[in-house]
Structures are given as structure tokens and as C-alpha cells.
Amino acid sequence: MPRYAQLVMGPAGSGKSTYCSTMVQHCETLNRSVQVVNLDPAAEYFDYPVMADIRELIEVDDVMEDASLRFGPNGGLVYCMEYFANNFDWLESCLGHTEDDYILFDCPGQIELYTHLPVMKYLVEQLQQWEFRVCGVFLVDSQFMVESFKFISGVMAALSAMVSLEIPQCNIMTKMDLLSKKAKKIALACYRFLDPDMYSMIEDSTGKLRSKKFKKLTKAICELIDDYSIVRFLPFDRSDEECINIVLQHIDFAIQYGEDLEFKEPRETEEDKSQNFDEFFQDRADEQ
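(A) Fine view of the layout of surface pockets. The space that makes up the second largest pocket amounts to roughly 240 Å³. The element that contributes the greatest number of residues to the lining of the second largest pocket is helix H1 (residues 16–29), accounting for three residues. A per-class count over the lining of the second largest pocket returns five nonpolar, eight polar and four charged.

Shown next, in the form of C-alpha cells:
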């Protein structure tokens, strides 16, 4: 039977770890088993249990402190990920061979890992060899996507990951709950970016550009995205269970989750057991 995986990607600060934590809690309420693997060697804190942590294999601080390497933060992270790509046997031993696995991979935020370095592509190919159905989940902070210029930049970042990895991808606009509480006007403006009219984006953007060359480039990008419906976003509000469930349903559909699963009985709590026993004895008393 197949196994399932989400590659949780996005720029630094886009809410990847928060997304993973929220999904784990949501799936627990649905009686679904979901595990998380941390693939960020520079991570300092996350509030979810992990089945594997890349920092057990290699850590950015150790690489930066190595006098023979002399890497900075970004170079150190790239070195860690390339080292990881040469040691996939470590990941295989951590994952095991359990059927029906559903795993979230909390990935680093450096965009170069998805644009001009093959590390994540190698990871996808390896997971597919291990019979995983993989879906990319690209997160963009909604507070960043409030202007046309920034929106187009976010779209291009998501598009670069789609082209590089060649897997189904769901694009998520995160932190909608923060906008709805602190900046309602911005939140309302943000919803037009979820399924945007790119031609209106052209009017918003090109009026601020003085260079004719950049106007033509922006127009060409907007028309390409609009004509082929390449990139669309789903809102993610961690305080809204229905919103979380909609995102999960889109991802499950992309990887065909649930088609081969056997029916599982709902998990029974101690309170349910007690209630069932009470009902049983009450029925026996009525019969007598």
C-alpha cells in the first residue's frame, strides 16, 4: 500500500512549523495518525513531537564552528542539506517501512534549495522510490501578500518550487487569523489575492513602474499566470477548524489519500467506555 507525504515549504517565517503543529492537532481530532520529520538543521524550537530530526545527523551550528569550512548561516545550511542528500539511509532507518504512513516534512526556508540546487528534488525522488505519494505545500505569509508587487514575487517563488520538484502542489496563504484580528482591512484586501484577476494586478503594478522594460515583463508574467491558472492560494486560519479541514482535503485529493485505506473504528475514550457500560447495564435492568 502507498505511503503519503507533505513537503512543507516556504520562505523563512512563513509559518511552516506552526502549520505542522496545527495539522498534527487537527488530525488527532480526526483519529488520523500523522507524523512530522524536521528537515531544518537550523531549527531552534518547534512544539510538535518528531519521529526524526535532521539535527541528529548534522546541525548548522556545528558546520559554522568548523574552522576548516568557514561557512556562514546560508552556506552552512546548504552544506547540511547536501550532506543529508548523501545520507538518505539515515532517513530511511528513521521512517521504517510502516504502511499507510502520513508524514509531514518540515523543510528549510532558503529558496535556493528549490530553485537552483537539486537537494529537494533528490529527496522527492527518494521518497517516491520508497512508495510515498508526495505533495508540495508552499506557504506564503498573508502579511507579505498585501500589495501587487509582493504578491507577484510570492507567486514566482511558489512557481519555482512547482517547476523544480514536479509534484502536485498546494499553495497556502498563512496567518489569516492574525490579519483578521489585527488588520481587518488588510485581511479583506488579502482575499482578492487567493484567486486573483491577474489583469487587475497588471494595472495595480505597472502604474508604479517607470521602466517600460519592467512594465512589459510584469505584464507578461501576469498574463502567463492568469491564462494557465498556474498558481492559486488557499487561506489558512489556524483558529478555524473548517478552514484547516478544507486545506487538508485539497492535499489529500492531490495525493489520493484514503482510496486504499481500510475502515478503522473510531477511537473510544474512557468516557465513552463508561457511558457504554452504563447503557449496557441499564438495558439489562429494563429486560429484567
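On we go from here.
(B) Region of the structure containing helix H4 (residues 88–95). All buried positions along H4 are accounted for by Phe 88, Trp 90, Leu 91 and Leu 95. Buried residues of H4, viewed axially, fall in a sector of 150 degrees; they line one side. Those residues of H4 that are exposed and aimed more than 90 degrees away from the buried face are Asp 89 and Ser 93. Immediately beyond the C-terminal end of H4, within one or two residues, lies Gly 96, with a positive phi of roughly 70 degrees.

(C) Representation of the sheet that holds strand S4 (residues 102–106) in the model. Strand order in this open sheet of seven strands is S3-S2-S4-S1-S5-S6-S7, and the pairing throughout is parallel. Strands at the two margins of the open sheet, each flanked by one partner only, are strand S3 (52–53) and strand S7 (233–235). As paired elements, strand S2 (residues 35–38) and S3 share two bridges and run parallel to each other. When the sheet's bridge partners are listed, Val 37 is paired in S3 with Ala 52. Helix H12 (residues 241–255) rests against strand S1 (3–9), S4, strand S5 (132–141), strand S6 (169–174) and S7 of the sheet, and its axis sits at about 140 degrees to S5.

(D) Main features of the state of the cysteines. Considering all chains together, one arrives at zero disulfides under this definition. Unpaired in this structure, Cys 107 has its nearest cysteine sulfur neighbour in Cys 20, at a distance of 8.3 Å.

(E) Up close: the side chain of Ser 142. With respect to the element layout, Ser 142 can be found in the loop between S5 and helix H7 (148–165). Here Lys 175 takes part through its backbone oxygen, which lies 3.3 Å from a polar atom of the side chain of Ser 142.

(F) Just the environment of Tyr 122, in detail. Relative to the helices and strands, Tyr 122 is located in helix H6 (residues 119–129). Between the C-alpha atom of Tyr 122 and that of Asn 86, which follows or precedes it by 36 residues, the distance is 9.7 Å.

(G) Inspection of the pattern of salt bridges at higher detail. As enumerated under the stated definition, the model contains five salt bridges in all. Among the ionic pairs, Arg 3 bridges to Asp 101, the shortest N-O distance being 3.1 Å. You can see Arg 3 sitting in strand S1 and its partner Asp 101 sitting in the loop between H4 and S4, a full 98 residues away along the chain. Both residues of the pair, Arg 3 and Asp 101, belong to the buried class. Arg 32 is paired through a salt bridge with Asp 252; the nearest N and O atoms lie 2.8 Å apart. In this pair, Arg 32 sits in the loop between H1 and S2 while Asp 252 sits in helix H12, placing the two residues 220 residues apart along the sequence. In terms of burial, Arg 32 and Asp 252 fall into one category: buried.

Cut-off values and rules
Residues numbered from 1 in each chain as written. Predicted model: local features only at pLDDT ≥ 70, side-chain atom pairs only at ≥ 80, totals over all residues. Heavy atoms only, no water. 1 Å grid on protein atoms, 1.4 Å probe; cavity = no way out; pocket = protein on both sides within 12 Å on 5 of 7 lines; lining within 4 Å. Points joined across faces, edges and corners; volume = space filled by probe spheres on them. Helix = DSSP H or I, 4+ residues; strand = E, 2+ residues; numbered from the N terminus. Nonpolar A, V, L, I, M, F, W, Y, C, P; charged D, E, K, R; others polar. Buried < 20%, exposed > 50% of the residue type's maximum accessible area, 1.4 Å probe, protein only. Arc of directions from axis to C-beta. Pairing = 2+ DSSP bridges. Contact = heavy atoms within 4.5 Å. Axes fitted to C-alpha atoms, helices over the stretch in contact; angles between N-to-C directions. Disulfide = S-S within 2.5 Å. Polar contact = N/O pair within 3.5 Å; in protein donor to acceptor, adjacent residues only side chain to side chain. Salt bridge = Lys/Arg side-chain N within 4 Å of Asp/Glu carboxyl O.

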